[in-house]
Amino acid sequence: MYIGLDLGTSGLKGVLIGEDQTVLAEATAPLTVSRPAEGWSEQSPSDWINAAETVFDRLSAKGLAGVRGIGLSGHMHGATLLDAGDEVLRPCILWNDTRSHAEAAALDADPKFRRLTGNIVFPGFTAPKLVWVQRHEPSIWGRVAKVLLPKDYLRLWLTGDHVGEMSDAAGTSWLDTGQRDWSDELLAATGLSRAQMPRLVEGSDVSGSLRDALAKRWGLPNGVVVAGGGGDNAASGVGVGVVRAGEAFVSLGTSGVLFAANDGYQPDPATAVHTFCHALPNTWHQMGVILAATDALNWYANLVGADAAKLTGALGDLQPPGKTLFLPYLGGERTPLNSASVRGAFVGLEHATDRQAATRAVLEGVTYAIRDSRDALAATGTRLEHLLAVGGGSRSDYWLKLIATALDCPVQLPVAGDFGGAFGAARLAIMAATGAGAEIATLPKIARVIDPDPALKDAFDAGAARFRAAQSAIKDLT
């Protein structure tokens, strides 16, 4: 058996799979985010350990004596700062924290960052957060002995080793993404050195072994290997089988991701597309990222005091866009705006804007933002022939019909099952434990395909143009 752990923003999930990749058990533990100031987003790493203990407690009811490997997935870019004794120095600054926007802009103005990383330095990335700590928390800065990404702090607890991997490291602004190694030049530019970084392995490689004390606690054998794993989106790519050029998925989670696998390194930072290492050797991927997908829907549902699933379930057949527009920039935006300061808006509110019309506007706004990412990927030469849909938002038929039509691209819905980060992490555990490769990361069986509605294509093209106009009008107002 093999375990995959996925450290998400709102919870930690674990899955237990067999040799045939059948899911035998799963467990989750909730997590909360602290927002002590505007634009800040933090979590306590001790909460991750408590959540992992809860997940292991629940999975162990299945019996874990047959486990041979553990894989890790987690939210990217988080700055987990440790002293020389591996004590946590401050709460982890998360991926959706925008406090370091000025520091990010300053680093991005230095051409070597884009040249070596293949990416814009976004405010959510790790390097500008460390520059912010250096400026605003000098007493902490002076004690930083190691910088770990969130899932790699879980690895430290599991194995006792400081190890990272390529896909997650590519989101720090310290990795030479083409060479798949830390850049001493970029580290020095932020006052750090390789000694403060974890050593790097590929996501399918062995990163260490489970500590004997933990194995004994939950009934695992000694010597269970822990795979390198992957950043959450790369691990989801492995989970859903998007590991070869030409394959792509759209993830409707807290954030929204348009993800395409590539067999070469083809960066184009100016598009605000992320070009990262994949979790498998000699493979890269591109992503367009929007910061609020289901997060925007859940925000709206809370605002109107309703359940998000009930709101979307009551929409019926796909309708053309109304006059009301929603711009989903609740906490800034990545692709294509690269703005920490832009904020969302409802535009075109009228007496006819009832709860259903506003719900449709929220879904349409997120979809237009994903369309922006599609256009940014297209600018690098990436074309999408079809999309696999994953994440919590993919349970909404209305949303899937909307995405298929607005992007003019068939959307494939996998058969019931979880193909997310935890499942991808478990697949990486199989690779690390057995020496298997990308051939085991197969595409899922498709339950059905949602085709674009040609009768509504022109209406949503016009809606997207109105969205772009509204985007231009508001981006400098906030």
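Look up a bit, the structure's there.
Definitions and limits used
Residues numbered from 1 in each chain as written. Predicted model: local features only at pLDDT ≥ 70, side-chain atom pairs only at ≥ 80, totals over all residues. Heavy atoms only, no water. Helix = DSSP H or I, 4+ residues; strand = E, 2+ residues; numbered from the N terminus. Buried < 20%, exposed > 50% of the residue type's maximum accessible area, 1.4 Å probe, protein only. Contact = heavy atoms within 4.5 Å. Core = buried A, V, L, I, M, F, W, Y, C linked by side-chain atoms within 4.5 Å. Salt bridge = Lys/Arg side-chain N within 4 Å of Asp/Glu carboxyl O. Expected span 1.5 Å × (residues − 1). Axes fitted to C-alpha atoms, helices over the stretch in contact; angles between N-to-C directions. Parallel < 35°, antiparallel > 145°, perpendicular 65-115°, else oblique. Nonpolar A, V, L, I, M, F, W, Y, C, P; charged D, E, K, R; others polar. Pairing = 2+ DSSP bridges. Right-handed = clockwise from strand over helix to strand, strands pointing away. Phe/Tyr/Trp six-rings, centres within 6.5 Å; stacked < 30°, edge-to-face > 60°. Lys NZ or Arg CZ within 6 Å of the ring centre and 35° of its normal. Arc of directions from axis to C-beta.

> Can you help me understand the environment of Ile-3 in this one?
Along the chain, Ile-3 falls in strand 1 (residues 2–7). Ile-3 gets classed as buried once you look at its relative accessible area, which sits at 0%. Considering only alpha carbons, one finds Ile-3 and Ala-429, 426 residues apart in sequence, at a separation of 7.1 Å. Dropping the residues within four chain positions of it, Ile-3 is found in contact with Val-15, Leu-16, Phe-56, Leu-59, Leu-64, Val-67, Gly-69, Ile-70, Gly-71, Leu-220, Ala-426 and Ala-429.

> Just checking my understanding: could you explain the nonpolar core for this structure?
Most often, soluble globular proteins keep nonpolar side chains buried together rather than apart. In terms of nonpolar packing, the biggest core is built from 69 residues, with Leu-81, Leu-130, Trp-174, Trp-182 and Val-238 touching the most fellow members. Residues contacting Trp-174, with those up to four places away along its chain left out, are Thr-117, Thr-126, Ala-127, Leu-130, Val-147, Trp-182, Ser-183, Leu-186, Leu-187, Thr-190, Leu-192 and Met-197. Grouped together as the second largest cluster of nonpolar side chains are 52 residues, Leu-318, Val-366, Cys-409 and Leu-413 included.

> What am I meant to see in the pattern of salt bridges here?
Two side chains that carry opposite charge are able to pair once their charged atoms sit near each other. Enumeration over the complete set of coordinates arrives at 25 salt bridges. Notably, a salt bridge pairs Glu-26 with Lys-13, separated by 3.8 Å at the nearest N-O pair. Highlighted residues: Glu-26 in strand 3 (residues 23–30) and Lys-13 in strand 2 (residues 11–17), separated in sequence by 13 residues.

> Honestly, the environment of Pro-414 in this entry has me stumped. Any pointers?
Tracing the chain through its elements places Pro-414 in strand 23 (residues 411–414). Overall, Pro-414 belongs to the buried group, its relative accessible area being 11%. Taking C-alpha positions, Pro-414 is 28 Å from Met-166, a pair spaced 248 residues apart along the chain. Once residues within four sequence positions are removed from consideration, Pro-414 is found in contact with Leu-388, Ala-389, Phe-419, Pro-444, Lys-445, Ile-446 and Ala-447.

> When you look at unusual backbone geometry in this model, what are you seeing that I'm missing?
With the exception of glycine, the majority of residues adopt a negative phi angle, and the majority of peptide bonds are in the trans configuration. That bond from Thr-335 to Pro-336 is cis: its omega, 0 degrees, falls within 30 degrees of zero. Locating Pro-336 in the fold gives a position in the loop between strand 20 (325–327) and strand 21 (345–347). The backbone of Ala-272 sits at a positive phi, close to 65 degrees, despite the residue not being glycine. On the secondary structure map, Ala-272 appears in the loop between strand 17 (256–262) and strand 18 (274–277). For Ala-272, a relative accessible area of 1% puts it in the buried group.

> I'm lost on helix 1 (residues 45–59) in this one. Help?
In an α-helix, one turn spans 3.6 residues, which is why side chains three or four residues apart end up on the same side. For helix 1, built from 15 residues, the straight-helix expectation of 21 Å at 1.5 Å per residue is met to within 8% by its first-to-last C-alpha distance of 21 Å. All of the buried residues along helix 1 are Pro-45, Trp-48, Ile-49, Ala-51, Ala-52, Glu-53, Val-55, Phe-56 and Leu-59.

> Is there a simple way to think about the environment of Gly-313 in this case?
One can find Gly-313 in helix 12 (residues 308–313). In sequence terms Gly-313 and Ala-470 are 157 residues apart; their C-alpha atoms lie 28 Å from each other.

> Looking at this structure, how should I read the packing of helix 13 (residues 355–379) against helix 16 (residues 457–474)?
For any two helices packed against each other, the geometry comes down to the angle between their axes and how far apart the axes lie. Running from N to C, helix 13 and helix 16 point in directions that differ by 90 degrees, and their axes come no closer than 10 Å. Relative to helix 16, the element helix 13 is oriented roughly perpendicular. Mapping the contact onto sequence places Glu-364, Gly-365, Tyr-368, Ala-369, Arg-371, Asp-372 and Asp-375 in helix 13 and Phe-460, Asp-461, Gly-463, Ala-464, Phe-467, Arg-468 and Gln-471 in helix 16. Among the residues forming the contact of helix 13 with helix 16, the class breakdown is five nonpolar, three polar and six charged.

> What is the right way to look at the pairing of strand 22 (residues 387–390) in this model?
The side chains of a regular strand alternate, first on one face of the sheet and then on the other. Side-chain alternation along strand 22 places Leu-387 and Ala-389 on one buried face and Leu-388 and Val-390 on a second face that is also buried. The sheet contact formed by strand 16 (residues 248–252) and strand 22 spans three bridges and is parallel. Each residue of the ladder has a partner; that of Val-250, found in strand 22, is Ala-389. Where the polypeptide runs from strand 22 across helix 14 (residues 397–406) and back to strand 23, its parallel neighbour, the crossover connection is right-handed.

> Would you mind showing me how to read the packing of aromatic side chains here?
Any two aromatic rings considered together are summarised by their centre-to-centre distance and by the angle between their planes. Enumeration according to the criterion identifies 14 aromatic pairs in this entry. Between Trp-157 and Trp-218, the aromatic rings sit 6.1 Å apart at their centres with planes inclined by 70 degrees, giving edge-to-face as the arrangement. One end of the pair, Trp-157, is in helix 6 (residues 150–159); the other, Trp-218, is in helix 9 (residues 212–218), with 61 residues separating them in the sequence. The exposure class of Trp-218 is buried, given its relative accessible area of 7%. An aromatic cluster is defined as three or more aromatic residues linked by ring pairs; in this entry it consists of Trp-299, Tyr-300, Phe-326 and Phe-346. The aromatic ring of Trp-132 is capped on one face by Arg-99, whose charged end is 4.7 Å from the ring centroid.

> Before we go on, may I ask you to explain the sheet that holds strand 24 (residues 446–450) in this structure?
Backbone-to-backbone hydrogen bonds pair the strands of a sheet. The strands run either parallel or antiparallel. Strands sit in the order 18-19-17-16-22-23-24 across an open sheet of seven strands; the sheet is mixed. Among the strands making up the open sheet, the edge pair consists of strand 18 and strand 24. Strand-to-strand, the axes of this sheet are offset by a mean angle of 30 degrees, without reference to chain direction.

> Hey, could you run me through helix 11 (residues 294–303) in this one?
Of all the residues in helix 11, the buried ones are Thr-294, Ala-296, Leu-297, Tyr-300 and Ala-301. Down the axis, helix 11 shows its buried residues gathered within 155 degrees of arc, on one side only. Counted as exposed and oriented over 90 degrees from the buried face of helix 11: Asn-302 and Leu-303. Contacts from the buried residues of helix 11 go to strand 16, helix 12, strand 20, strand 21, helix 13 and helix 14. Following helix 11 by one or two positions, Gly-305 adopts a phi angle in the positive range, close to 65 degrees.

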